[in-house]
Amino acid sequence: MLQGRAETRKVLVPPHRYTPLKNNWEAIYGPLVEQMGLQVRMNLKRRTVELRVSSPPPNCSWLQR
(Lines give C-alpha, C1' and ligand atoms only; values in the text may rest on other atoms or scores of the structure.)
Protein backbone atom coordinates (compact mmCIF):
# COMPACT_ATOMS: atom_id res chain seq x y z
CA MET A 1 0.00 0.00 0.00
CA LEU A 2 1.30 3.41 -0.90
CA GLN A 3 1.78 5.83 1.91
CA GLY A 4 -1.07 8.34 2.05
CA ARG A 5 -3.15 6.57 -0.62
CA ALA A 6 -5.57 3.72 -0.10
CA GLU A 7 -5.27 0.80 -2.49
CA THR A 8 -8.41 0.37 -4.60
CA ARG A 9 -9.76 -2.13 -7.10
CA LYS A 10 -12.60 -1.76 -9.57
CA VAL A 11 -14.35 -4.91 -10.72
CA LEU A 12 -16.49 -4.73 -13.86
CA VAL A 13 -19.81 -6.55 -13.50
CA PRO A 14 -20.95 -8.35 -16.67
CA PRO A 15 -24.53 -7.61 -17.81
CA HIS A 16 -25.78 -11.14 -17.04
CA ARG A 17 -24.49 -10.94 -13.42
CA TYR A 18 -25.76 -7.44 -12.59
CA THR A 19 -29.29 -8.39 -11.44
CA PRO A 20 -28.14 -11.32 -9.24
CA LEU A 21 -25.54 -9.03 -7.68
CA LYS A 22 -28.17 -6.39 -6.86
CA ASN A 23 -30.50 -9.03 -5.40
CA ASN A 24 -27.79 -10.51 -3.15
CA TRP A 25 -25.94 -7.29 -2.29
CA GLU A 26 -26.63 -7.44 1.48
CA ALA A 27 -25.25 -10.99 1.75
CA ILE A 28 -22.11 -10.06 -0.19
CA TYR A 29 -21.52 -6.63 1.35
CA GLY A 30 -21.70 -7.67 5.04
CA PRO A 31 -18.74 -10.09 5.24
CA LEU A 32 -16.52 -7.84 3.12
CA VAL A 33 -17.02 -4.91 5.46
CA GLU A 34 -17.26 -6.68 8.83
CA GLN A 35 -14.75 -9.52 8.48
CA MET A 36 -12.25 -8.12 6.01
CA GLY A 37 -12.44 -4.42 6.86
CA LEU A 38 -12.88 -3.27 3.27
CA GLN A 39 -14.87 -0.30 2.01
CA VAL A 40 -17.19 -1.46 -0.76
CA ARG A 41 -19.55 0.39 -3.06
CA MET A 42 -21.47 -0.43 -6.19
CA ASN A 43 -21.15 2.21 -8.90
CA LEU A 44 -24.48 1.93 -10.70
CA LYS A 45 -23.54 4.27 -13.53
CA ARG A 46 -20.37 2.42 -14.52
CA ARG A 47 -21.66 -0.99 -13.39
CA THR A 48 -18.60 -1.73 -11.29
CA VAL A 49 -17.94 -2.76 -7.71
CA GLU A 50 -15.25 -0.63 -6.10
CA LEU A 51 -13.20 -2.05 -3.21
CA ARG A 52 -10.85 -0.04 -1.00
CA VAL A 53 -8.75 -0.88 2.04
CA SER A 54 -9.96 1.29 4.92
CA SER A 55 -7.02 0.64 7.23
CA PRO A 56 -4.01 -1.67 7.10
CA PRO A 57 -5.64 -5.12 7.08
CA PRO A 58 -4.10 -8.03 9.01
CA ASN A 59 -3.74 -9.90 5.72
CA CYS A 60 -2.54 -7.83 2.76
CA SER A 61 -4.00 -10.25 0.20
CA TRP A 62 -7.63 -9.57 1.20
CA LEU A 63 -8.12 -6.95 -1.47
CA GLN A 64 -6.79 -9.32 -4.12
CA ARG A 65 -9.16 -12.13 -3.08
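You'll find the structure just up there.
All of these numbers come straight from a predicted model, not from anything done at the bench.

> So, the pattern of salt bridges: which residues are in play, and what are the values?
Inspection of the entire model under this criterion finds one salt bridge. Glu 50 serves as the salt-bridge partner of Arg 41, at 2.5 Å between the closest nitrogen and oxygen. Given a relative accessible area of 12%, Glu 50 falls into the buried group.

> Explain the sheet that holds strand β3 (residues 48-53) to me, using residue names and the numbers behind them.
Spatially, β1-β3-β2 is the arrangement adopted by the three strands of the open sheet, whose pairing is antiparallel. Each edge of the open sheet carries a strand with a single partner, namely β1 (8-12) and β2 (38-43). Taken pair by pair, the neighbouring strands of this sheet meet at an average axis angle of 20°, ignoring direction. Here β2 runs beside β3; their pairing, made up of six bridges, is antiparallel. Bridge pairing in β3 links Met 42 to Val 49.

Quick notes on the rules
- Residues numbered from 1 in each chain as written.
- Predicted model: local features only at pLDDT ≥ 70, side-chain atom pairs only at ≥ 80, totals over all residues.
- Heavy atoms only, no water.
- Salt bridge = Lys/Arg side-chain N within 4 Å of Asp/Glu carboxyl O.
- Buried < 20%, exposed > 50% of the residue type's maximum accessible area, 1.4 Å probe, protein only.
- Pairing = 2+ DSSP bridges.
- Helix = DSSP H or I, 4+ residues; strand = E, 2+ residues; numbered from the N terminus.
- Axes fitted to C-alpha atoms, helices over the stretch in contact; angles between N-to-C directions.

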